[in-house]
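# Understanding the architecture of this molecule
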Amino acid sequence: MATNTDTSTNTNTNTNTNNDLPPSSFNTDLPPSSSAKTTGFLKTCFNGINALSGIGLLSIPYALSQGGWLSLLIFVAIAVVCFYTGLLLQRCMDASPLVRTYPDIGALAFGRWGRLAVATFMYLELYLVAVDFLILEGDNLQKLFPDVSFRLGSVRVGGKQGFVLAATLAVLPTTWFSSLSVLAYVAAGGALASVVLIAAVMWVAVFDGVGFHERGRLVHWAGMPSAMSLYSFCFSGHAVFPMIYTGMKHRKRFPLALFICFTVSTLSYGFTGVIGYLMYGDALKDQVTLNLPSGKASSKVAIYTTLVNPLTKYALVVAPIAEAIEAALGVAAAKGRRPMLLRVLVRTALVGGTAVVALAVPFFADVVSLTGALLSCTATMLLPCLCYLRVRAKVVRPAEKAYWLETAVCAAIVVFGSAIVGLGTYNSVKQIVRRLK
């Protein structure tokens, strides 16, 4: 999933204006971005890969164990669909020079209700990703220090719960700053962290005696909804694609850049899933780092890499949500001690809320699966197709055969995505309720 949200923090700058953006016409020959800070092709590819690289890398082996080897076909299909819907977002942006963010696309297609719907799914997804970060921290710190427990006065707190609270306190001060430029540079190491994680897992298999001895199952139908949901979570970078596109120096090369990003991400996710499944088979836990042997240096490298990434990205993830609330309260740009105190309280309440959810529902795979099915799949499959069909209807006449072929493809994606949303959401909620009993 995309957690590189430094470019998405401006999604609220247009929320009070241009609610109903006027369409112009599809224009694929746009000039280079007029922004003073444009990005070249290689940096665009890096930003896109970083947006797609995230905590989904940890759960992809578990997803494969849930669905079996044949689920790799669905994994590839989801990657292809998400790549195509990324191109649809580009076409929507080409329809109007006023469109710069994903909520703008919703406004262009369906007016202010479209903007509200897109923004709601974006913010809910970011909120649950922040929850996933805290659960991940608790799980992996407990893996490193299994015998640790905490006391809060006379109350004894378990190791995992204590680590979740410790991680919450660690990230809390980073959310109080309006300028996240420093954290943005640190979070840009997400792609490098993914490489280190894959290399560490490979080292455990090849040099630490684990090997590739498991054969796995061809297909596991009962676990297929969970597998599809987790796969969908991996390719949820659409919230930042519009910002990446508008910042490009040569926008006509965006399709090629997007193709490279999805190819690299698909290969890295697929490779990690395959080697993890060959290493541990059906014994895989919801995070592959939890299967790694304790005490090995390579295992510690993988776990520490996993721990650092969420700590640096947490503030970037919650910032768009905080800015939306601050804008609604009228303190987003206000000066003075009182507005600053209100902003701190808003962000503290947000962080506290994610901690409460992480403690109440500490099931990493189920929360990620719910995020992938209900929110990521909607944002990456359903909304792009629906918005594009609506925008296209305003500017293009249904005269050519390609028009109807494109409509059929979008309709098929909507059906495919709706199946994942329905089955995946039901399965995730059922699993969470069962674990809570």
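Residues numbered from 1 in each chain as written. Predicted model: local features only at pLDDT ≥ 70, side-chain atom pairs only at ≥ 80, totals over all residues. Heavy atoms only, no water.

Summed over the entire model, instances satisfying the criterion amount to seven salt bridges. In this structure, R217 engages D282 in a salt bridge whose closest nitrogen and oxygen atoms are separated by 3.3 Å. Note that R217 is positioned in the loop between α7 (190-207) and α8 (224-234) and D282 in the loop between α10 (254-280) and α11 (297-329), a separation of 65 residues in sequence. Note that E326 is salt-bridged to R347, the shortest N-O span being 2.8 Å. With a gap of 21 residues between them, E326 in helix α11 and R347 in helix α12 (residues 337-360) connect regions that are remote in the sequence. Under the relative-accessibility criterion, R347 is labelled buried at 5%. Residues participating in the shared-partner salt-bridge network are R91, R392 and E406. (Salt bridge = Lys/Arg side-chain N within 4 Å of Asp/Glu carboxyl O. Helix = DSSP H or I, 4+ residues; strand = E, 2+ residues; numbered from the N terminus. Buried < 20%, exposed > 50% of the residue type's maximum accessible area, 1.4 Å probe, protein only.)

What follows covers a nonpolar patch on the surface. Taken together, L152, V155, L165 and L359 make up a surface patch of nonpolar side chains, about 310 Å² in accessible area. Looking at the element boundaries, L152 is found in strand β1 (residues 150-152). In this structure L152 comes out as exposed when scored by relative accessible area, which is 54%. (Patch = residues over 30% accessible without salt bridge, like charges linked within 9 Å, V, L, I, M, F, W, Y side chains within 5 Å. Areas by Shrake-Rupley, 256 points an atom, 1.4 Å probe, with all protein chains shown as cover.)

Moving on, we get to the confidence of the model for the chain. Averaged over every residue, the pLDDT of the chain is 85; the share at 70 or more is 86%. Low confidence marks residues 4-18, where pLDDT is under 50. Its contacts with residues over four positions away, or in another chain, come to 37 contacts. (pLDDT = per-residue confidence, 0-100. Contact = heavy atoms within 4.5 Å.)

Let us look at α12. Across its 24 residues, α12 extends 34 Å between first and last C-alpha, which sits within 8% of the 34 Å expected from 1.5 Å per residue. Listing the buried residues of α12 in full gives P339, R343, V346, R347, L350, V351, G353, T354, A355 and A358. Lining the buried residues of α12 we find α4 (102-144), α5 (159-171) and α11. (Expected span 1.5 Å × (residues − 1).)

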